[in-house]
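# Topology and contacts: notes
The lines below spell out each chain.
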Amino acid sequence: MCRENDHNQKILRLLLSNDDTNIELGFQLCLGLQGHYNKEVQQALQKFPVLCLRHGLETTFTHKLNCLYLLTKNSVEEVGLFSEPVAQYHHEKGLPAEIWQFKNLQKLILDDNQLKTLPNEITQLNRLHMLSLMYNPDLDLKDTFGKIKHMNSLKVLHLSDIEFTNLPIEVAQLIHLKELHIILSQNLDIRDALRKISRLSPLQELSFYSSNILHLSPELTQMKHLKVLTVADNSLESFPEEILELDQLKQLNLTVNQLSSLPPHITRLKSLERLHLDGNQLEQLPETLGQLKNLKELTLSYNFLESLPPSIAQLKNLRRLDLTHNKALKIDSNKVHHWLPECEIIW
């Protein structure tokens, strides 16, 4: 028993050494033990899913693996902070060939991998549901869209740092997408982007973060199936009227913009359940706000609100109201709690 414990402790030290040679030696020792190692070693091995697959260890784990982060060895990310399995590799050697053998992979994160093109083998991941390609500014999007357009299971795509003005027209071929998220793309022509994205009729969620957007465009109104829209950390100075045409919208996030008012006819968004307006310049809310009968969450922190309309008492389904950091707000908190007895109110 002592000798077995010694073996396990030695292997653990090797696997946790953060040294490629030692880690490889740890795997070789595990092979020699033919699976006779303790749970701690098992958990340490599973932190290296590519090596597990390469050496034929932890086969049940690798077969069931459905989420994987890929990081280069020089990444500033601390591997220990990730709750999901992480595969590190040397950038100059390219993406590990083993990742295309994880046939049950549903979520693949390739953020900040200095990618220029996606390998053709990505199409082998026929169960992939979500793909994140953020922080790869040199990635050839035309080529990328061409490769993933036939991946029918792919529903969620994350992109960032789009350096050019126009999205490649090939984005309109991603007809199976249900969610598209774009961040840190300040050169992007929003009208051109929406014209192409609006062809994705099944799209239900669309996000533009931190892209210096000043306004939206009429093309947005064609996206009748949108349920979630985020235009956060941008430069909107007025509420985009185009949003009011999205009658299936359930969640709207316009946080961190420069909105000074809401239109009275926001009531057209009858399906709206969550409205996030934190970090704007709102001084008052329209009396008609109380007609949003389905609203469950309303966040208004970091604005300049001076009062609340009495009609807010009509929001009987509201369960969370965030009013923090509205320093000019002068209203009897007891009155608001009386209006909304079932609602968590954060002052």
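Everything in this summary refers to the structure shown in the same document.

What counts and how
Residues numbered from 1 in each chain as written. Predicted model: local features only at pLDDT ≥ 70, side-chain atom pairs only at ≥ 80, totals over all residues. Heavy atoms only, no water. Helix = DSSP H or I, 4+ residues; strand = E, 2+ residues; numbered from the N terminus. Buried < 20%, exposed > 50% of the residue type's maximum accessible area, 1.4 Å probe, protein only. Contact = heavy atoms within 4.5 Å. 1 Å grid on protein atoms, 1.4 Å probe; cavity = no way out; pocket = protein on both sides within 12 Å on 5 of 7 lines; lining within 4 Å. Points joined across faces, edges and corners; volume = space filled by probe spheres on them. Nonpolar A, V, L, I, M, F, W, Y, C, P; charged D, E, K, R; others polar. Phe/Tyr/Trp six-rings, centres within 6.5 Å; stacked < 30°, edge-to-face > 60°. Lys, Arg positive; Asp, Glu negative; His and termini not counted. Salt bridge = Lys/Arg side-chain N within 4 Å of Asp/Glu carboxyl O. Arc of directions from axis to C-beta. Polar contact = N/O pair within 3.5 Å; in protein donor to acceptor, adjacent residues only side chain to side chain.

## Considerations on the environment of Leu292
Turning to its location among the elements, Leu292 is positioned in the loop between β10 (274–276) and β11 (297–299). Residue classification places Leu292 among the buried residues on the basis of a relative accessible area of 1%. For Leu292 and Asn317, which are 25 residues apart along the polypeptide, the C-alpha to C-alpha distance reads 9.4 Å. Dropping the residues within four chain positions of it, Leu292 is found in contact with Ile266, Thr267, Leu269, Leu272 and Leu315.

## Description of empty space enclosed by the protein
Under the criterion given, the structure shown has two cavities of 30 Å³ or more. Quantified by volume, the largest cavity comes out at close to 70 Å³. Looking at the largest cavity, the residues that line it are Leu133, Asn136, Pro137, Leu139, Leu141, Leu159, Ser160, Asp161, Ile162, Glu163 and Phe164. Tallied by class, the residues present in the lining of the largest cavity amount to seven nonpolar, two polar and two charged. Approximately 40 Å³ is the volume attributed to the second largest cavity. Forming the boundary of the second largest cavity are Ile148, Lys149, Met151, Leu154, Leu174, Ile175, His176 and Leu177.

## A look at the packing of aromatic side chains
Tallied over the full model, the rule gives one aromatic pair. Relative to Phe48, the ring of Phe27 has its centre 6.2 Å away and its plane inclined at 80°; by these criteria the two rings are edge-to-face. Here Phe27 is found in helix α2 (residues 20–33), whereas its partner Phe48 is found in the loop between α3 (39–45) and α4 (49–55), with 21 residues between them in sequence. A residue is classified by how much of its surface remains accessible, and Phe48, at 21% relative accessible area, is partly exposed.

## Here we look at the side chain of Glu205
Within the secondary structure, Glu205 sits in strand β7 (residues 205–209). Within the buried core, Glu205 has no salt-bridge partner, and the shortest N-O distance to an opposite charge, that of Lys227, equals 11 Å. Discounting chain neighbours no more than four positions away, the residues touching Glu205 are Lys178, Glu179, Leu180, His181, Leu226 and Val228.

## Here we look at helix α6 (residues 141–148)
Within α6, the full set of buried residues consists of Leu141, Thr144, Phe145, Lys147 and Ile148. Summarising the axial view, the buried residues of α6 lie within an arc of 165°, below the 170-degree limit, and thus occupy one face. Taking the backbone nitrogen of Lys142 as reference, a side-chain oxygen 3.2 Å away marks Asp140 as the first, capping residue of α6.

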